Amino acid sequence: MRIIWLVTLAALSPVLLMSEEFKFEPNYDESLIPDYTLPDVLDDVSSAEDWPAKRTEWLNLIGTQMFGVLPASFQDVTATAEPLSADKSILGGKGRLRQLTVTLAGCELNLALFLPSSATTEYPAPAFLGYNFSGNHTVFPDPDIVLTESWMRRKEDGKASADDRGASASRWSIERMLDNGFVLATLYYGDVDPDKDDNFQNGVHAELGQPGPDEAASIATWAWALSRLLDVIESDVTEIDSDKVAVFGHSRLGKTSLWAGASDERFALTISNNSGCGGAALSRRAIGETVWKITTAFPHWFCDNFDQYGNNEGAMPFDNHTLLALIAPRPLYIASAEEDRWADPKGEFLSCVHATHVYELLGTEGMPASEMPGLNEPVHGRIGYHIRTGKHNVTDYDWEQYIAFAKKHFN
Ligand code: GTR
């Protein structure tokens, strides 16, 4: 009898699991948040001198337990760049567009640079470096922007289409960047690693191999490639001041920018827009998207070790405030959107509050707010934060803040 029961249960378990997924109902009720205690980001550290050792510990924990650490195959891989097109004047001479082909681990990445006319080798400009979701041609409506040949998500045939030129322009505020003397360096993230659960057969993994359970999954791979692009900027783009490169990302790419900023201290400033679960939001709150939900829906983003914390966030030896603290004392901006409840705006804000302890230990101010600011009332300390009206998106309002924040810290 017992055996029959066990066999039936085993046969039904995939169905039960599926129905669990089917039934997932996000919690948005603050009163239903489980009791939790956050790991103390400072732990036993009482002086700034002791922070670097603690920082290394957190970096390893978050690496081995969430994003995955870089396997040996990644270690000595370098990127090389070739011009893809001659500089072209854009926006009535406000700037110029340059395209580079960057070769990395057998992949060709198209890097688009939008340079303000003021940027020269003698007077190099600060820059924002960030991935786009749908190809460089969607960022700016110029007919000469090369269409990526990489697999394109949300396209039935998987191909980039010229019909989409400029389709995401509203997310980039390029003219505002150029007017303020900033460069935008952007590329399609799928050029590095296609965003699908393909068992790591494509993108750079085709050459570098599949990750083990504690090794770099897609987010860590995208973050690593941002560092290789910074190498290229340092060596090949003399019009960019490589000491003033802000790494930027939205949503899953905002999780990526956080890990890039945490792992590579050459990034002078980090911006994470609406990054939510696995990004700025505290995992233990389990509001909106949860660890179980994200590791089930996007298994390739995180290393396999992260799965054990699904519906078990209390067992995480860190929480996402420790991820933010890795960026200290460098400037960090976290942004939320009112209607983006899936990303838990309050959890994103609270991470900044808790990361502030490290900024203060290191003699900087952290975030100058301990209560959630009102809508569209940004606070710009060493940590910047705002919650704007509207949905999960990147808007001109967001860029207005990022540019002001970067100007404040880069001057
Ligand atoms: C959602 C995912 C979020 C966020 C978002 C995005 O489906 O649940 O974690 O990353 O995608 O990247 O747009």
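Residues numbered from 1 in each chain as written. Predicted model: local features only at pLDDT ≥ 70, side-chain atom pairs only at ≥ 80, totals over all residues. Heavy atoms only, no water.

Draft legend 1. View of the sheet that holds strand β10 (residues 383-388). Spatially, β1-β2-β3-β5-β4-β6-β7-β8-β10-β9 is the arrangement adopted by the 10 strands of the open sheet, whose pairing is mixed. Edge positions in the sheet fall to β1 (80-90) and β9 (379-380), since each of these pairs with one other strand and no more. As defined by bridge partners, strand β3 (residues 107-116) adjoins strand β5 (residues 183-188) across 3 bridges and the pair is classed as antiparallel. By the bridge assignment for β5, Phe-114 is matched with Leu-184. Contacts from helix α5 (residues 218-236) reach β1, β2 (95-104), β3, β4 (125-132), β5 and β6 (240-250) within the one sheet, and its direction differs from that of β4 by about 145°. Across the sheet, helix α10 (residues 396-410) lies against β4, β6, β7 (269-273), β8 (332-337), β9 and β10, angled at about 165° from β10, the strand it touches most. (Pairing = 2+ DSSP bridges. Helix = DSSP H or I, 4+ residues; strand = E, 2+ residues; numbered from the N terminus. Contact = heavy atoms within 4.5 Å. Axes fitted to C-alpha atoms, helices over the stretch in contact; angles between N-to-C directions.)

Draft legend 2. Region of the structure containing the environment of Ala-343. Examined against the element boundaries, Ala-343 turns out to sit in the loop between β8 and α9 (345-361). The spatial distance from the C-alpha of Ala-343 to the C-alpha of Ser-251 is 8.6 Å, given a sequence separation of 92 residues. Non-local contacts of Ala-343, meaning those with residues more than four positions away in its chain, are made with Asn-274, Gly-276, Ala-281 and Glu-348.

Draft legend 3. Local environment of the pairing of β8. Summarising burial for β8: 6 of the 6 residues are buried, a large majority. Residues of β8 alternate between two faces, with Leu-332, Ile-334 and Ser-336 on one and Tyr-333, Ala-335 and Ala-337 on the opposite face, all of them buried. Here 4 bridges tie β7 to β8, and the two strands are oriented parallel to one another. Across the sheet, residue Thr-270 finds its bridge partner in β8, namely Leu-332. Note: β8 against β10, 6 bridges, orientation parallel. Paired with Ile-334 across the two strands is Tyr-385, which belongs to β10. (Buried < 20%, exposed > 50% of the residue type's maximum accessible area, 1.4 Å probe, protein only.)

Draft legend 4. Inspection of the site of the ligand at higher detail. Inspection of the region around the ligand gives Ser-251, Arg-252, Lys-255, Glu-289, Ile-294, Phe-298, Trp-301, Trp-342 and His-392 as its neighbouring residues. Between an oxygen atom of the ligand and a side-chain N or O atom of Arg-252, the distance comes to 2.5 Å. Here an oxygen atom of the ligand sits 2.9 Å away from a polar atom, N or O, in the side chain of Trp-342. For the ligand, the accessible surface in isolation is 320 Å², of which the surrounding protein chains cover 81%. (Near = heavy atom within 4 Å. Polar contact = N/O pair within 3.5 Å; in protein donor to acceptor, adjacent residues only side chain to side chain. Areas by Shrake-Rupley, 256 points an atom, 1.4 Å probe, with all protein chains shown as cover.)

Draft legend 5. Inspection of the pairing of β10 at higher detail. Across the 6 residues of β10, 6 count as buried, placing the element largely inside the fold. Residues Ile-383, Tyr-385 and Ile-387 of β10 are buried on one face, and the alternating residues Gly-384, His-386 and Arg-388, pointing to the opposite face, are buried as well. In this structure, β9 lies alongside β10, joined through 2 bridges in antiparallel fashion. Looking at β10, one finds that His-380 is bridged to Gly-384.

Draft legend 6. Geometry of the nonpolar core. Counting 92 residues, the largest nonpolar core has Phe-67, Tyr-131, Ile-240 and Trp-259 as its most contacted members. Considering each element in turn, this core owes the most residues, 11 residues, to α5. Non-local contacts of Phe-67, meaning those with residues more than four positions away in its chain, are made with Ile-62, Glu-215, Ala-216, Ala-217, Ile-219, Ala-220, Lys-255, Trp-259, Gly-278, Phe-302, Cys-303 and Leu-323. Grouped together as the second largest cluster of nonpolar side chains are 28 residues, Val-139, Met-177, Phe-248 and Phe-405 included. (Core = buried A, V, L, I, M, F, W, Y, C linked by side-chain atoms within 4.5 Å.)

Draft legend 7. Molecular detail of the packing of aromatic side chains. Going through the model one piece at a time under the given rule, you end up with 23 aromatic pairs. For the ring pair Phe-67 and Trp-259, a centre distance of 4.9 Å and an interplane angle of 40° mean the geometry is tilted. Within this pair, whereas Phe-67 is found in helix α2 (residues 51-67), its partner Trp-259 is found in helix α6 (residues 252-263), the two being separated by 192 residues in sequence. Trp-259 carries the same exposure label as Phe-67, and that label is buried. With 5.5 Å between their ring centres and 65° between their planes, Phe-133 and Tyr-189 make a pair best called edge-to-face. Separated by 56 residues along the polypeptide, Phe-133 in the loop between β4 and α3 (174-179) and Tyr-189 in the loop between β5 and α4 (205-208) bring together distant segments of the chain. Directly above the ring of Trp-58 sits Lys-54, whose terminal nitrogen or CZ lies 5.9 Å from the centroid. (Phe/Tyr/Trp six-rings, centres within 6.5 Å; stacked < 30°, edge-to-face > 60°. Lys NZ or Arg CZ within 6 Å of the ring centre and 35° of its normal.)

Draft legend 8. Just the side chain of Arg-285, in detail. Relative to the assigned elements, Arg-285 resides in the loop between β7 and α7 (291-297). For Arg-285, the side chain forms a polar contact with the side chain of Glu-30, separated by 2.6 Å.

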